[in-house]
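Coordinate analysis (summary)
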Amino acid sequence: MIQLTDVGLFSHFIAMIAYLGLAVAAVMHQRAAFNLVLAAAALATAAWAASFVATMLIDPGLQPWISRLQTLKIAGWIALLLYLLRPSWLGGEGSDRTSFWVGGVLGFVLALQIVVDFSGAGQDALIGEGDVTASFFLVVRIAVSVTGLVLSHNLFVNSREADRSGIRLLAIGLAGLFVYDLNFYTLAFLLPPGSPDLYNIRGAVDAILVLLFLFSTRDAWMKGARVSRTVAFQTFAFSGVGFYLIAMSLLAYALKLVGGDWGVLLQVTFLCATLLMGTVALVSPRMRAWLRVAIARNFYRYQYDYRNEWLRFIATVSAPGEAAGLPVRVVQALATVLDAQGGWLLVPEDIRLQPMANWQMADRQPEAIAVDSELIAWLSAQDRTLDLELVRSGEALDPPVLPDWLLADRRFWLAVPAVNRDTLAGVVLIGQSLVPRRLGWEDEELLRTLGRQIGSYIAESSGQAALEEAQRFEEFNRRFAFILHDIKNLVSQLSLLARNAERHADNPAFRADMIETLKVSVGKMNALLAWLSQRASGVSAPDDDVPVDGLLRQLVKSRQGAWPSLSLNLPAERPLPVRGDGGRLEQMFAHLLQNAMDASPPGAPIRIDMAMAGPDVVITLADRGQGMSARFIRQDLFQPFHSTKPGGFGIGAYEAREIARAHGGRLDVASREGEGTSFTISLPMAKAATMAAGLATGNILPAGVAGGEQA
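**Overview of the side chain of Lys-73**
Relative to the assigned elements, Lys-73 resides in helix 3 (residues 64-84). The contact partners of Lys-73, leaving out residues within four places of it in the chain, are Ala-44, Thr-45, Trp-48 and Asp-206.

**Describing the sheet that holds strand 5 (residues 412-420)**
Spatial ordering of the open sheet is given by 3-2-1-6-5-4, a layout of six strands whose pairing is antiparallel. With partners counted over all chains shown, the strands left at the sheet margins are strand 3 (369-370) and strand 4 (386-387), one partner each. Here strand 4 pairs with strand 5 via two bridges, running antiparallel. Looking at the pairing, Leu-386 lines up with Ala-415 of strand 5.

**What to know about the pairing of strand 2 (residues 352-359)**
Two elements, strand 1 (residues 343-349) and strand 2, share seven bridges in a ladder whose sense is antiparallel. The residue of strand 2 that forms the bridge with Trp-344 is Asn-358. The turn joining strand 1 and strand 2, which pair antiparallel and follow one another in sequence, is formed by two residues; a positive phi near 60° is taken by Asp-350. Taken together, the two bridges between strand 2 and strand 3 define a ladder with antiparallel strand orientation. The residue bridging Arg-352 from the neighbouring strand is Ala-370, located in strand 3.

**Brief notes about a nonpolar patch on the surface**
A surface patch of nonpolar side chains, about 560 Å² in accessible area, is lined by Phe-10, Phe-13, Ile-14, Ile-17, Leu-20 and Leu-43. For the nonpolar patch, the leading source of residues is helix 1 (residues 6-29), giving five residues. By the element assignment, Ile-17 lies in helix 1.

Conventions used here
Residues numbered from 1 in each chain as written. Predicted model: local features only at pLDDT ≥ 70, side-chain atom pairs only at ≥ 80, totals over all residues. Heavy atoms only, no water. Helix = DSSP H or I, 4+ residues; strand = E, 2+ residues; numbered from the N terminus. Contact = heavy atoms within 4.5 Å. Pairing = 2+ DSSP bridges. Patch = residues over 30% accessible without salt bridge, like charges linked within 9 Å, V, L, I, M, F, W, Y side chains within 5 Å. Areas by Shrake-Rupley, 256 points an atom, 1.4 Å probe, with all protein chains shown as cover. Salt bridge = Lys/Arg side-chain N within 4 Å of Asp/Glu carboxyl O.

Now the structure itself:
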């Protein structure tokens, strides 16, 4: 008889436990006919493995039962194949019925083989002895193995396309059983005797195939025992580590054998290096992302576990932190779903989408995108994610024209629209994924859903910010009502004083000066009262042709005494008037000039330039002061009631921008810390200007109090 070893005992003991577990799982999870046939085949295999264990531990005389139960094991798996092919041979024609006839013949052959087993010819054949019956036994074993391979192939070919994900693994598992037997019995027939090593290790090989049977049958009996993606990921990760360490250990042992005196040194060095590389691979985000994608594509019907993805998204967005950090958390939540390296959120501001927040991509700030650009129009109309890589490679169907910088910068992978109530609330530019891949329908549907959720967050955040700003204004107005009452009393007192002083002046020159000063003060306060009354009554503001060059000359003349290095450069052509309220325009320039003087060291040059650009008048006010950071400009500069000056109201820059907008223009800022700041005001010329609708309500103090608090 063929020699049995301790390795064989261990491998067949593992196989016995594995197939007993498979049989129990198949019966307990769902009592369908398929599972019963699978359980029967698994029990037959467990009995075969148990006979090997019993021969080693109880009675060596039981060894002939190993071959007899091997025949029963093969019969069980053949029966499973025939059961799965039943739809073909019950209703098929021609070649479709071949499986049935082959199965019938195999049943007869297997029954005949059992008879040969009981005659003892099987054991003789394995040790290279025996007569023609022993050779016939090996030939039949080979034929059964080949037929099992044919049936496995038919199972895959005749299965429906929708079922092939599970059938593929089942076919591989069954083919593994038959290929191993085919190899073993062919070598025993051609090069007798049979290999003891192959005979003893067969149990371990069969035990490994249990994993394939479990995964292949998930649609049949694992519907009620779904393996989570987290468990699958951890299982595959640790299994991969185990196989990696086994392979590296074998290589290290080989190095020891061939290394001579250097063998131990080579072995230790190699093992340390492989352990280090394995650890790096295990904790690598790119490797973990690749494994997640591979598991989702090959072992699950859907790519995402939507419940877990949604919970993770909500947990990230709602994590504790300041409200200002919400845009960053929104980008992080979306990028994490795709295993992306980072991203940027762009939100509408005037006529462009400006970068607002980023996650892990601070080194690459995108440029602003015009609201009327083709890309924004496409995202608004399609409401779906745009794969920028497909656009760059020319594979996208009817893509929009990308801005040149976005077309060239391959660090950006996707453009995800954030839509709220059919309005584009923002765009998220996602960086490249750790595992390069193309989007499928599941990706697009998930991103559409998350994009709408992000759009609602942006709209809610903007609404909350507007509400807080309105509340601050309301509080400011409440406080100002008391101030207004006091100022009104003061104006009355000063008016009385002025009238009495005119009648009782002893020193004409001195009294004249005093009276003029008082009149100016009264005039300013009356202007303030008139402006407040104008807001309350809804009276329209003045709408005249305003000579901007004249306003700038007067402003520079009034300030040059305090700041000699202030210069003004006007165009040599005719005056360039704008349509609007001269007092408010004067106040806007006064605010910006005062800011420049406050931010500059004494004597530093401040330059005002005026020019025409198409239909607009462009005024640039530049200083060489301390400058501002991009973050301060984006988040703080135009926030009302936020001032860096002691005792400041923080409304100067805000008022200046609102005045420009009310006149149909805009205010842009460019600044570098330590180098200076440049404010650029663009206003439509009088012949092309139309007053903005918000001008009628007014938002800014009149010219009479232009020297008020600055931002």
